[in-house]
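# Commentary on secondary and tertiary structure
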Amino acid sequence: MSERTLVLVKPDGVRRGVIGEVISRIERKGLTLVALELRTLARETAESHYEEHSSKPFFGELVEFITGGPLVAMVVEGPRAIEAFRALAGATDPVSATPGTIRGDFALEIGENIVHGSDSTYSAEREIKLFFPELG
Ligand code: RTP
Ligand code: MG
């Protein structure tokens, strides 16, 4: 059965010029793009996207970072797409992320880890609604 996940190439990934690299890895894996847009997030959208972290000490920095430049938002579809993309992304801390994963190959700092992928069917549905309300 097919499912959908929200993927972001965060502003650091756009600055580093790895949009194509991330899309290429998604496509090579066999996942399908169903929506894609370059945009700069409003503060309210960023706070809502990361609401689960609102009480964490890094929340302010996280919102500053994610709103600090254009990002690429995508909806990606395929069998177990949520888990499949999280595996392509690698661990949250890029130094622990396995080389061969996106974070393992392109990042060094936890606050600048190139990509986001929804972490559950519940989050995926919530995040897709937030970024692409027209997809229903
Ligand atoms: P994401 O939501 O961005 O896909 O990342 P994730 O699921 O792998 O990690 P999560 O726990 O949801 O954390 C969200 C983002 O917050 C930043 N973070 N900074 N300074 C810190 O200790 C810290 N911990 C997390 C990371 O950029 C992470 O991607
Ligand atoms: Mg997360």
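Residues numbered from 1 in each chain as written. Chains lettered and ligands numbered in written order. Predicted model: local features only at pLDDT ≥ 70, side-chain atom pairs only at ≥ 80, totals over all residues.

## A word on the UniProt feature "binding site: ATP" (unreviewed entry) in the chain
UniProt marks Lys 10, Phe 58, Arg 86, Thr 92, Arg 103 and Asn 113 with the feature "binding site: ATP" (unreviewed entry), using the numbering shown here. With respect to the helices and strands, Phe 58 occurs in the loop between helix 3 (43–49) and helix 4 (59–66). In this structure Phe 58 comes out as exposed when scored by C-beta crowding, with 12 C-beta atoms within 10 Å. Excluding its chain neighbours within four sequence positions, the residues that come into contact with Asn 113 are Thr 92, Pro 94, Arg 103 and Ala 107. (UniProt positions renumbered as here; feature names shortened; annotations may be inferred. Helix = DSSP H or I, 4+ residues; strand = E, 2+ residues; numbered from the N terminus. Buried ≥ 20, exposed ≤ 12 C-beta atoms within 10 Å, placed from the backbone. Contact = placed C-beta atoms within 7 Å.)

## Regarding the site of ligand 1
Near ligand 1, the surroundings consist of His 53, Phe 58, Leu 62, Thr 92, Ile 110, Gly 111, Asn 113, His 116, Gly 117 and Asp 119. Across the shell around ligand 1, the residue classes break down as 3 nonpolar, 6 polar and 1 charged. (Near = placed C-beta within 6 Å. Nonpolar A, V, L, I, M, F, W, Y, C, P; charged D, E, K, R; others polar.)

## Structural notes on the confidence of the model for the chain
Note that predicted coordinates carrying low pLDDT should not be read in detail. Of all residues in the chain, 100% have pLDDT values of 70 or greater, and the mean over the chain is 98. Reported confidences for the modelled complex are a pTM of 0.97 and an ipTM of 0.94. (pLDDT = per-residue confidence, 0-100.)

## A short note on helix 5 (residues 81–89)
Within the sequence span of helix 5, burial applies to Ala 81, Ile 82, Phe 85, Arg 86, Leu 88 and Ala 89. For helix 5, the angular spread of the buried residues around the axis is 160 degrees, confining them to a single face. Residues of helix 5 that are buried sit in contact with strand 1 (2–9), helix 2 (19–29), strand 3 (71–79), helix 6 (102–106), strand 4 (115–117) and helix 7 (121–131). Where helix 5 terminates, the next one or two residues include Gly 90, which has phi positive at roughly 90 degrees. (Arc of directions from axis to C-beta.)

## Looking at the sheet that holds strand 1
Judged by pairing direction, the sheet is antiparallel, and its 4 strands sit side by side in the order 2-3-1-4 without closing on themselves. The open sheet terminates on both sides in strands that have one partner only, identified here as strand 2 (32–39) and strand 4. Shown here is a sheet whose adjacent strand axes are inclined to one another by a mean of 20 degrees, direction ignored. Of the strand pairs in this sheet, strand 1 and strand 4 are connected by 3 bridges, and their pairing is antiparallel. Across the sheet, residue Leu 8 finds its bridge partner in strand 4, namely His 116. (Pairing = 2+ DSSP bridges. Axes fitted to C-alpha atoms, helices over the stretch in contact; angles between N-to-C directions.)

## Points about the UniProt feature "active site" (unreviewed entry) in the chain
Within this numbering scheme, the UniProt entry marks His 116 as carrying the feature "active site" (unreviewed entry). Mapped onto the elements, His 116 comes out in strand 4. Excluding residues that lie within four positions of it along the chain, His 116 makes contacts with Val 7, Leu 8 and Lys 10.

## Some points on the environment of Gly 13
Positionally, Gly 13 belongs in helix 1 (residues 11–16). Those residues in contact with Gly 13 that sit more than four places away from it in its chain are Val 18, Ile 19, Val 22, Ile 114 and Val 115.

## A closer look at helix 7
Here helix 7 has its buried residues at Ala 124, Glu 127 and Ile 128. The arc that holds the buried residues of helix 7, viewed along the axis, is 100 degrees, so those residues lie on one side. Next to the buried residues of helix 7 lie strand 1, helix 3, strand 3 and helix 5.

## Digging into unusual backbone geometry
With a phi close to 50 degrees, Arg 80 is a non-glycine residue in the positive phi region. Using a count of 14 C-beta atoms within 10 Å as the deciding quantity, one classes Arg 80 as partly exposed. Although it is not a glycine, Ile 114 adopts a positive phi angle of roughly 75 degrees. Along the chain, Ile 114 turns up in the loop between helix 6 and strand 4. The class of Ile 114 is buried, set by 25 C-beta atoms lying within 10 Å.

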